[in-house]
Amino acid sequence: MAARSAITLIQKSKPSAPEILQLRCHIRPGVSKVREGITTVTDEIIELCVSAPPQDGKSNKAVIEILSEILGIPKSDLQITHGTKSRDKTISVASACFPRLRDTGGSEDIVAIVRQKLLSQESS
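Quick notes on the rules
- Residues numbered from 1 in each chain as written.
- Predicted model: local features only at pLDDT ≥ 70, side-chain atom pairs only at ≥ 80, totals over all residues.
- Heavy atoms only, no water.
- Helix = DSSP H or I, 4+ residues; strand = E, 2+ residues; numbered from the N terminus.
- Buried < 20%, exposed > 50% of the residue type's maximum accessible area, 1.4 Å probe, protein only.
- Contact = heavy atoms within 4.5 Å.
- Areas by Shrake-Rupley, 256 points an atom, 1.4 Å probe, with all protein chains shown as cover.
- Core = buried A, V, L, I, M, F, W, Y, C linked by side-chain atoms within 4.5 Å.
- Axes fitted to C-alpha atoms, helices over the stretch in contact; angles between N-to-C directions.
- Parallel < 35°, antiparallel > 145°, perpendicular 65-115°, else oblique.
- Nonpolar A, V, L, I, M, F, W, Y, C, P; charged D, E, K, R; others polar.

**Q** Could you give an account of the overall build of the protein, with specific residues and numbers?
**A** A count of helices and strands for the protein gives 3 helices and 6 strands. Secondary structure elements of the protein occur, N-terminal to C-terminal, as β-β-β-β-α-β-β-α-α. A burial count over the protein gives 39% of its 124 residues as buried. Sequence-distant contacts, at least 24 apart, represent 44% of the contacts inside the protein between residues at least 6 apart. If you sum the accessible surface of the protein, you get close to 7,200 Å²; carbon and sulfur atoms cover 49% of it.

What follows is the structure, encoded as structure tokens:
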């Protein structure tokens, strides 16, 4: 059985339906402010550390803010679709922001562009 990919582009069956980019993340809440950000990007998962505590949605909000800043897209284009009360989350990126992402990378594949942006922010 093959593992799911960390970054997946979901093509809709109808031509009028928008595409959705999904990011599978594992979150480590409550870390030091200096360690905040992306720690690891693998084929299966994106690991993120946030300084916000895991209560009242504070860490979820921090995850959206960090990804928005790294990808250079508005927070309103990001949504946690699975795992709002878990450390493993699926975050959907609205297709409306794809042209902005592609502008920075030419005609490259959107998944490759996002992976490169995440890898460039990865801390060691």
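**Q** Just give me the short version of the environment of Glu-65, but keep the residues and values in it.
**A** Among the secondary structure elements, Glu-65 is positioned in helix H1 (residues 58-71). The class of Glu-65 is partly exposed, set by a relative accessible area of 34%. As for Glu-65 and Ser-76, which are separated by 11 residues in sequence, their C-alpha atoms are 10.0 Å apart.

**Q** Go over the nonpolar core with me, naming the residues and quoting the values.
**A** Grouped together as the largest cluster of nonpolar side chains are 30 residues, with contacts concentrated most on Ile-7, Leu-23, Ile-46, Leu-48, Leu-67, Ile-91 and Leu-118. Only strand S2 (20-28), strand S3 (37-41), strand S4 (46-49), H1, strand S5 (78-82), strand S6 (88-94) and helix H3 (110-120) provide two or more residues apiece to this core. The greatest single-element share of this core, amounting to 7 residues, is contributed by H1. If sequence neighbours within four positions are ignored, Leu-118 has contacts with Ile-7, Ile-38, Val-41, Ile-46, Leu-67, Ile-70 and Leu-71.

**Q** Before we move on, can you summarise unusual backbone geometry with the specific residues and values?
**A** Positive phi, normally seen in glycine, also occurs at Asp-56, with a value near 55°. With respect to the secondary-structure elements, Asp-56 resides in the loop between S4 and H1. Residue class for Asp-56 comes out exposed when judged on its relative accessible area of 73%.

**Q** Can you lay out the packing of H1 against H3 for me, pointing to particular residues and giving the numbers?
**A** Running from amino to carboxyl end, H1 crosses H3 at an angle of 110°, the nearest separation of the two axes being 9 Å. With respect to H3, the axis of H1 lies roughly perpendicular. Within the contact between the two elements, H1 uses Leu-67, Ile-70 and Leu-71 and H3 uses Val-114, Lys-117 and Leu-118. Along the lines of polarity and charge, the residues of the contact of H1 with H3 split into 5 nonpolar, no polar and 1 charged.

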